[in-house]
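Here's the letter readout for the chains.
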Amino acid sequence: MKALITINSELIYEAFRHFLVKKLRIMEGNVIHVGEVSSCLRKAWYNRKLGDPTLRHLSKTKRVILALGLSTHVVLEEILKELGYKIEEPVEKTVYIDGEKVTITGTPDARNDDVVLEIKTVNTIPEKPYYHHLMQLNTYLWLCDVRRGYIIYI
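Every chain begins its residue count from 1, and numbering advances along the sequence as written. Thresholds applied to this predicted model are a pLDDT of at least 70 for local features of residues and 80 or more for the giving and counting of side-chain atom pairs; totals over whole chains, interfaces and linings are not thresholded and use all residues. Side-chain measures were taken over the full set of non-hydrogen atoms in the model, leaving aside hydrogen atoms and water.

Caption draft 1: Broad picture of the overall build of the chain. Assigned secondary structure in the chain consists of five helices and seven strands. Summary of the burial criterion: residues with accessible area below 20% of their type's maximum are buried, those above 50% are exposed, and those between are partly exposed, where the area comes from a 1.4 Å probe applied to protein chains only. Taken across its 154 residues, the chain has 31% of its residues classed as buried. Whether two residues are in contact is decided by their heavy atoms: any pair within 4.5 Å suffices. At a minimum sequence separation of 6, the contacts of the chain that also span at least 24 residues come to 64%. Of the roughly 10,900 Å² that the chain leaves accessible, carbon and sulfur atoms contribute 57%. For the chain, the separation between the mean place of its 22 positive charges and that of its 19 negative charges on side chains is 5 Å. Helix and strand assignments follow DSSP, with helices taken as H or I runs no shorter than four residues and strands as E runs no shorter than two, numbered in order from the N terminus. Calculation of accessible area relied on Shrake-Rupley with a 1.4 Å probe; when residues are assessed, cover is drawn exclusively from the protein chains displayed. In this charge count, Lys and Arg are treated as positive and Asp and Glu as negative; neither His nor the chain ends contribute. Note on charges: their place is set at NZ of Lys, CZ of Arg, CG of Asp or CD of Glu.

This is the structure in structure tokens:
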């Protein structure tokens, strides 16, 4: 009979956290990410003021859920890249708000000259797109100067 190898569960949770930290984009100053302006502004403010860039504040379960969603992106984006899409390429525009220069930046999941694709992993596929997902897609359409976009729910 073979002996089972036991791995400390904390090691697994730390591996998921490390994976997320590697993919994390930290926004500072007058650079605002699409994700910040397309969802809860209070959450964006708290993340900037109190967020932990090491993500140690996330529960173990949240780390796993976010990392699995990110892993799904990695797999689908590789396939889309083979189909000729630009993957996770940053786009940005500078605007003036109350006379102050602000840069809006983002990284659409996939895009080409005609379309922007946003991949979303969810527990249940909604009957209609979530409002903040529509806001995010519309902001990417504006940033990319493209008229057509799709939200892909997984």
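Caption draft 2: Region of interest: the pairing of strand β4 (residues 100–106). Counted residue by residue, β4 has five buried out of seven residues, so it is predominantly covered. Between any two strands, pairing holds if DSSP finds at least two bridges. As defined by bridge partners, strand β1 (residues 31–33) adjoins β4 across three bridges and the pair is classed as parallel. Bridge pairing links H33 to T105 in β4. Looking at chain direction, strand β3 (residues 91–97) and β4 are connected through seven bridges and run antiparallel. Pairing of I97 across the sheet is with E100, part of β4. Linking β3 back to β4 in an antiparallel pair, the connection comprises two residues, with D98 at a positive phi of about 50 degrees.

Caption draft 3: Looking closely at the pattern of salt bridges. In the sections that follow, a salt bridge refers to a side-chain nitrogen of Lys or Arg positioned within 4 Å of a carboxyl oxygen of Asp or Glu. According to the stated counting rule, one finds eight salt bridges in the structure shown. Residues K60 and E10 are paired through a salt bridge, measuring 2.4 Å at the closest nitrogen-oxygen approach. Here the residue K60 occupies a position in helix α4 (residues 60–82), and E10 occupies one in helix α1 (residues 9–23), the gap between them amounting to 50 residues. For K60, a relative accessible area of 36% puts it in the partly exposed group. With relative accessibility at 35%, the residue E10 sits in the partly exposed group.

Caption draft 4: Quick peek at the side chain of H33. Mapped onto the fold, H33 is located in strand β1. Any pair of nitrogen or oxygen atoms within 3.5 Å is treated as a polar contact; in protein, a donor-acceptor pairing is required on top of that, and neighbouring residues in sequence qualify only through side-chain atoms on both sides. Separated by 2.9 Å, the side chain of H33 and the backbone nitrogen of G35 make a polar contact.

Caption draft 5: Just the environment of T124, in detail. Relative to the helices and strands, T124 resides in the loop between β6 (115–120) and α5 (131–144). Looking at T124, the relative accessible area reads 56%, which means it is exposed. Residues T124 and I32 lie 92 residues apart in sequence; the distance between their C-alpha atoms is 29 Å.

Caption draft 6: View of the sheet that holds β4. Reading across from one edge, β1-β4-β3 is the order of the three strands in this open sheet, with mixed pairing throughout. Edge strands, defined here as strands with exactly one partner in the open sheet, are β1 and β3. Across the sheet, the mean angle from the axis of one strand to that of its neighbour is 30 degrees, orientation sign disregarded. An axis is simply a line fitted to the C-alpha atoms; with a helix, the fit covers only the stretch in contact. Between two such axes, the angle follows the N-to-C directions and lies from 0 to 180 degrees.

Caption draft 7: Examining the sheet that holds strand β2 (residues 86–87) more closely. On the basis of which strands lie adjacent, the open sheet formed by four strands has the order β2-β5-β6-β7 and mixed pairing. Each of the sheet's edge strands pairs with one partner strand only, and the pair in question is β2 and β7 (148–153). Contacts between α4 and the sheet are confined to β2, β5 (110–111) and β6, with β6 contributing the most and set at about 155 degrees to the helix. α5 rests against β5, β6 and β7 of the sheet, and its axis sits at about 150 degrees to β6.

Caption draft 8: Representation of a nonpolar patch on the surface in the model. Residues I7, L11 and I12 make up a contiguous nonpolar surface patch of roughly 290 Å² in combined accessible area. Along the chain, the position of L11 falls in helix α1. In this scheme, patches are assembled from residues that exceed 30% relative accessible area and form no salt bridge. Like charges are connected within 9 Å, while nonpolar side chains (Val, Leu, Ile, Met, Phe, Trp, Tyr) are connected within 5 Å.

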